[in-house]
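Inside the fold
Letter by letter, the chains look like this.
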Amino acid sequence: GINAEYGKQWYQRRVRVTCPKWLALSLSRQRSLSSSPSDNVRIGCFSGFWGDSCSFATQQLVNKGNIDFLVGDYLAEVTMSILAAMKKKRPELGFCPDFFEHLAPVGPKIVDKNIKVVVNAGGLNPDACAKRLGGLLQQFGLNLKVASVVGDDLINKGIELPEIEGIPYNTMNCYLGAEPIAKALDNGADIVITGRCVDSALVLGPLIHKFGWNMQEFDKLAQGSLAGHLVECGAQCTGGNFTDWHQVPDYSNVGFPIVDVQSDGVFKVTKPVKTGGLVSFGTVAEQMLYEIGDSQCYALPDVNCDFANVSIKEVGENEVEVSGAVGKPPSSTYKVSATYIDGYKATSMAPMIGPKAAQKGHLNAMSTIKRCEKVFSKMGIGSFEEVNVECLGSGSNYGKSIESSDAKEVVVWTSVRHKNKTALELWAKEIAGASTGMAPGFTTMVGGRPKPTPILRYKPFFYPKELVDISVDDTEFKNSNTEFSPTQPQSPPEQHMLWPMRGNFHTDWRSWLS
């Protein structure tokens, strides 16, 4: 976290390096009118997750993108739990402080160009994030109104699920929609900071605001949601993570995505000029299918989307037109993501070299497990709940057996799970013994001795919208849409680990303990 004094010093250092004219700005500086045509809105996305590139994306979009809105997605289920740990230690935190670093280099430009900013960097504490940012902006003469959207956090609602009764929740947040964001912009906000919302709402909210769409124009809402879905992961739709990666030029300067949206919802996906990356039928189509379950009923808080007949057409160099999304009324519930701690895990990575490297690495890993199990038995703390051993580089992930591997260097990836943290600490101490007491070729442990970390379980469920209290800048907000689908979305998947053990468990590890 950063305290107020550190934030001030950091901001001054950052500004002097990247924005030498920043301090010359006057509090009386007036925002200029938008330069975009009234019938089109251009929205650029600079972040797909907390940890995405912070070195150039905002500057690229603001300086070269001719955008009206700058949006950034920071949150995932595991991110919320990390923020919960931050907030537990320091109640004034619980948001993503990287957002300040992303915004710092472009502060004067968003004022000059009248670019609005919408992010979910508020995490578990949108009000605190908005207050901190507002203070920093004021110190440096930027007269921008910062608004917050709150209400997604249900941790104090007293909700109990029978499946995990008695286990305290770590986080519990519903996925809000786009209308509260639109309301904040309607109220004159220059920067909107939310907590948990669906990723696509960061784009749909500005479109509702700009075009005046009502919440029953479901086809337009579906198109706007698809625009948001395509750019929500940042450069993943401009060549990142692309199957034909070899066709993508200059990843070092990859262009971040822009959607150029018409008032009827039809839009084009593009990127800033003179940047790397690629916008093509393939990059857009692959991103459209990302995290889509039922393509004919992609359930969102504002609209249920049917993407089955979407048209994707290349209409120019790095320019793809998208149309044809159909909308239906949403359900009367929000999806809620709850997490709780369920035991511990620890992971080690150790390079192994020499002839039969995979066989030696697997033998050493399982022998260490067997040794620990004997100690656990004497301590009365039970066996490992799960064990996963993979020899990366041996071809095991492609069906090749360890015994047939001829690899002369592999990385032995071992992950173990146990209810008792002490058990994993003991295992971590035993790994190094393989260097002198087991098969040869053990070199080191990457990152040093592993440390146990909590396992976060994810439990999604539905919760009535009418019971969720939303506020926009401390003012009560009510969704205007009252037309709901008579059927609920498909039930969320059963609980699973947010930090999986990785891989499958073909190894019959219990047989090694007999």
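Whatever comes next refers back to the structure up there.
In short, a report on the structure.

The rules behind these values
Residues numbered from 1 in each chain as written. Predicted model: local features only at pLDDT ≥ 70, side-chain atom pairs only at ≥ 80, totals over all residues. Heavy atoms only, no water. Pairing = 2+ DSSP bridges. Helix = DSSP H or I, 4+ residues; strand = E, 2+ residues; numbered from the N terminus. Buried < 20%, exposed > 50% of the residue type's maximum accessible area, 1.4 Å probe, protein only. Contact = heavy atoms within 4.5 Å. Axes fitted to C-alpha atoms, helices over the stretch in contact; angles between N-to-C directions. Right-handed = clockwise from strand over helix to strand, strands pointing away. 1 Å grid on protein atoms, 1.4 Å probe; cavity = no way out; pocket = protein on both sides within 12 Å on 5 of 7 lines; lining within 4 Å. Points joined across faces, edges and corners; volume = space filled by probe spheres on them. Nonpolar A, V, L, I, M, F, W, Y, C, P; charged D, E, K, R; others polar. Parallel < 35°, antiparallel > 145°, perpendicular 65-115°, else oblique. Left-handed = near helix turned anticlockwise from the far one by under 90°. Core = buried A, V, L, I, M, F, W, Y, C linked by side-chain atoms within 4.5 Å. Salt bridge = Lys/Arg side-chain N within 4 Å of Asp/Glu carboxyl O.

Pairing analysis gives four bridges linking strand β7 (residues 258-262) to strand β8 (residues 267-270), with the strands arranged antiparallel. Paired with Val259 across the strands is Val269, a residue of β8. Count of turn residues in the β7/β8 antiparallel hairpin: four residues, of which Gly265 carries a positive phi of about 100°. Relative to strand β12 (residues 319-323), β8 is paired through three bridges, and the arrangement is antiparallel. Along β12, the bridge assignment pairs Phe267 with Val322.

In this section: helix α12 (residues 421-431). Along α12, the positions that sit buried rather than exposed are Ala423, Leu424, Leu426, Trp427, Ala428 and Ile431. The secondary structure elements touched by the buried residues of α12 are β14 (333-353), α11 (357-379), β16 (409-418) and α13 (434-437).

The next point concerns the sheet that holds strand β6 (residues 191-194). Strand order in the open sheet formed by eleven strands is β11-β12-β8-β7-β1-β2-β3-β6-β4-β18-β19, and the pairing between neighbours is mixed. Whereas interior strands pair on both sides, the edge strands pair on one side only; in this sheet they are β11 (311-316) and β19 (475-477). Averaged over neighbouring strand pairs, the angle between their axes works out to 25° when direction is ignored. Along the sheet, helix α2 (residues 57-64) makes contact with β1 (40-47), β2 (69-72) and β7, crossing β1 at roughly 160°. Against the sheet, helix α6 (residues 126-139) contacts β4 (146-150) and β6, and its axis sits at roughly 175° relative to β4.

Where burial is concerned, the two faces of β2 agree: the one with Phe69 and Val71 and the one with Leu70 and Gly72 are both buried. As paired strands, β1 and β2 are joined by four bridges and run parallel to one another. Note that in β2 the partner of Cys45 across the bridge is Val71. A crossover connection joins β1 to the parallel β2 through α2; in handedness this β-α-β unit is right-handed.

For Thr414, the location among the structural elements is in strand β16. Apart from residues lying up to four places away in sequence, Thr414 is in contact with Ala346, Thr347, Ser348, Ala365, Asn388, Val389 and Trp427.

The tally for this structure, following the rule as stated, stands at two cavities of 30 Å³ or more. Here the largest cavity defines a volume of roughly 140 Å³. Contributing to the lining of the largest cavity are 13 residues, with Ala365, Val412, Thr414, Ile431 and Phe442 lying nearest its centre. Mapped onto the lining of the largest cavity, the elements with two or more residues apiece are β14, α11, β16 and α12. Ranked by residues supplied to the lining of the largest cavity, first place goes to α11 with four residues. Residues belonging to the lining of the largest cavity are distributed by class as follows: eight nonpolar, five polar and no charged. The volume enclosed by the second largest cavity comes to roughly 90 Å³. When the residues that make up the lining of the second largest cavity are grouped by side-chain class, the tally is five nonpolar, three polar and three charged.

Now for the sheet that holds strand β10 (residues 304-306). Pairing is antiparallel in the open sheet, where three strands are placed in the order β9-β10-β13. Since the sheet does not close on itself, it has two edges, and those belong to β9 (298-299) and β13 (326-328), each with one partner. As paired strands, β10 and β13 are joined by three bridges and run antiparallel to one another. If you follow Asn304 over to β13, its bridge partner there is Lys328. On the sheet, helix α9 (residues 218-231) packs against β9, β10 and β13 and is oriented at approximately 115° with respect to β13.

The subject of this paragraph is the packing of helix α7 (residues 179-186) against helix α8 (residues 201-211). Taken N-terminus to C-terminus, the directions of α7 and α8 make an angle of 45°; their axes are 7 Å apart at the nearest point. Overall, the two elements α7 and α8 adopt an arrangement that is oblique. Two packed elements cross with a definite hand, and for α7 against α8 that hand is right-handed. Contacts between α7 and α8 involve Ile181, Ala182, Leu185 and Asp186 from the former and Ala201, Leu202, Gly205, Pro206, Ile208 and His209 from the latter. Grouping the amino acids of the contact of α7 with α8 by side-chain chemistry returns seven nonpolar, two polar and one charged.

At a closest axis distance of 10 Å, the pairing of α11 and α12 adopts a crossing angle of 140°. In terms of orientation, α11 and α12 fall into the oblique class. As for how α11 packs across α12, the hand of that crossing is right-handed. Residue-level inspection shows Thr368, Ile369, Arg371, Cys372, Val375, Phe376 and Met379 of α11 in contact with α12, the latter providing Thr422, Ala423, Leu426, Trp427, Glu430 and Ile431. Looking at the contact of α11 with α12, its residues break down into nine nonpolar, two polar and two charged.

Here the focus is the nonpolar core. Of all hydrophobic cores here, the largest spans 73 residues; its most connected members are Leu226, Val259, Phe267, Val269 and Val322. If we ignore the near neighbours within four places in the chain, the residues touching Val269 are Leu230, Cys237, Ile258, Val259, Val279, Val284, Asn318, Glu319, Val320 and Val322. In this structure, Ala121, Leu142, Phe256 and Ile258 belong to the second largest nonpolar core, which totals 41 residues.

Evaluated as defined, the whole model comprises 15 salt bridges. Linking Asp469 and Lys157 is a salt bridge whose minimum nitrogen-to-oxygen distance equals 3.4 Å. Here Asp469, found in the loop between β17 (453-464) and β18 (470-472), pairs with Lys157, found in the loop between β4 and β5 (169-174); they are 312 residues apart in sequence, far enough to count as distant. One network of salt bridges, with partners in common, ties together Asp342, Glu385, Glu386, Arg417, Lys419 and Arg457.

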